[in-house]
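# Remarks on the overall topology
Here's the letter readout for the chains.
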Amino acid sequence: RHGERWELQLKGSGKTPYSRNGDGRAVLRSSVREFLCSEAMHYLGIPTSRAASLVVSDDDVWRDQFYNGNIKKERGAVVLRLAKSWFRIGSLEILAHSGELDLQRRLLDFIIQEHFPSIAMNDSNRYLEFFSTVVSETANLIALWMSVGFAHGVCNTDNFSLLSITIDYGPFGFMDSYDPSFVPNTSDDEGRYKIGNQANVGLFNLSKLLQALRPLLDPRQKQLASQILEGYGERYYIRYALPEPRPHSHNTVNYIMCPFPYFVTVFRFTELFKTKLGLLGENEDDNYLIAFLLKVSLSA
């Protein structure tokens, strides 16, 4: 459509080589949730996979919904979902872990060529620019999640898209009222993926991406990549406005930190909440006011 290429994926159609000990099936309950939420997130302006269709199956699927040993028979279903790419941080992790660096380099070049048109394939810093973009866009995605009270539920590296879109809707949830300890996943007893920890988990996942990329970087690039990762928190909270095209010089960290090829304002946590509150202009107390109001709503 419109010259774009989208990848199709069936969820719940049965076992694949990656199903491990699972049956590869999905129940109607979770399939309806994924269909509705992915479309809702799209229309909320949050980058996400899409749902094209949902087909109900006559097969029975057995599930322990609350992980309490109470297994019940449920109706199966298959969701046809769409994304421009389904590659995840884990897609590169597994190749780096197994030492398949040539295959990892080929996959990474394919991803950059297909989905990161602003990065030149003959640029020796292309992997660094790729990492910088993923760091920035992941910070943006999680800030958008937080702005609507969305908790993903399972924020591991296999569920974090390299295109920084929301994928793999499982035990997600939306907060009814502000609670940074909100956990939608009933199997997450330790609260690792609680909504208030999503930004930190994003940083952890990006550190795993950097670990996977390190064998492909020279010493200077490794140092710059570490500096980029250190800037994740700043990217999450504030915006960058670039009035001019990025310079061609490779001698400054600022170039690497802001690799966008044209004027762009990247909205982050602060801008999103300022919009919600109707705050105009720039004020050094904006973050304090946002934090204060969130604290008030927590104790209300």
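Residues numbered from 1 in each chain as written. Predicted model: local features only at pLDDT ≥ 70, side-chain atom pairs only at ≥ 80, totals over all residues. Heavy atoms only, no water.

An unreviewed UniProt entry lists the protein chain under the name Selenoprotein O, with Rhynochetos jubatus as the source organism. The UniProt entry for the protein chain carries the following text under Cofactor (unreviewed entry): "Mg(2+)". The UniProt entry for the protein chain carries the following comment under Sequence similarities (unreviewed entry): "Belongs to the SELO family." (UniProt positions renumbered as here; feature names shortened; annotations may be inferred.)

### Some points on the pattern of salt bridges
Counting across every chain of the model gives 16 salt bridges. For Lys11, the salt bridge is made with Glu34, and the minimal N-O distance between the two is 2.8 Å. Here Lys11, found in strand β1 (residues 7-11), pairs with Glu34, found in helix α1 (residues 28-43); they are 23 residues apart in sequence, far enough to count as distant. With relative accessibility at 25%, the residue Lys11 sits in the partly exposed group. With its nearest N and O atoms 2.7 Å apart, the salt bridge here joins Glu39 to Arg50. (Salt bridge = Lys/Arg side-chain N within 4 Å of Asp/Glu carboxyl O. Helix = DSSP H or I, 4+ residues; strand = E, 2+ residues; numbered from the N terminus. Buried < 20%, exposed > 50% of the residue type's maximum accessible area, 1.4 Å probe, protein only.)

### Notes on helix α6 (residues 219-230)
Its 12 residues give α6 an end-to-end C-alpha distance of 17 Å, which sits within 8% of 16 Å, the value for a rise of 1.5 Å per residue. If you check the start of α6, you find a side-chain oxygen 3.1 Å away from the backbone N of Arg220, and it comes from Asp218. (Expected span 1.5 Å × (residues − 1). Polar contact = N/O pair within 3.5 Å; in protein donor to acceptor, adjacent residues only side chain to side chain.)

### Section: α1
The end-to-end C-alpha separation of α1 is 23 Å, in line with the 22 Å expected for 16 residues at 1.5 Å each. Within α1, burial applies to Ser31, Glu34, Cys37, Ser38, Glu39 and Met41. Gly45 sits one or two positions beyond α1 and adopts a positive phi of about 85°.

### Some remarks on unusual backbone geometry
Here the phi dihedral of Ser164 falls at roughly 55°; this positive angle occurs in a residue that is not glycine. Inspection of the secondary structure assignment puts Ser164 in the loop between β5 (150-151) and β6 (173-174). Positive phi values are uncommon outside glycine, yet Asp168 reaches one of about 55°. Tracing the chain through its elements places Asp168 in the loop between β5 and β6.

### Details of the packing of helix α4 (residues 126-147) against helix α9 (residues 269-277)
Two elements in contact, α4 and α9, have axes whose closest approach is 9 Å; the angle formed by their N-to-C orientations is 30°. Here α4 lies roughly parallel to α9, going by the angle between them. Regarding α4 and α9, the two cross each other, and that crossing is right-handed. Contacts between α4 and α9 pair Ala143, Leu144, Met146 and Ser147 from the former with Phe269, Leu272, Phe273 and Lys276 from the latter. Of the residues belonging to the contact of α4 with α9, the class tally is six nonpolar, one polar and one charged. (Axes fitted to C-alpha atoms, helices over the stretch in contact; angles between N-to-C directions. Parallel < 35°, antiparallel > 145°, perpendicular 65-115°, else oblique. Left-handed = near helix turned anticlockwise from the far one by under 90°. Contact = heavy atoms within 4.5 Å. Nonpolar A, V, L, I, M, F, W, Y, C, P; charged D, E, K, R; others polar.)

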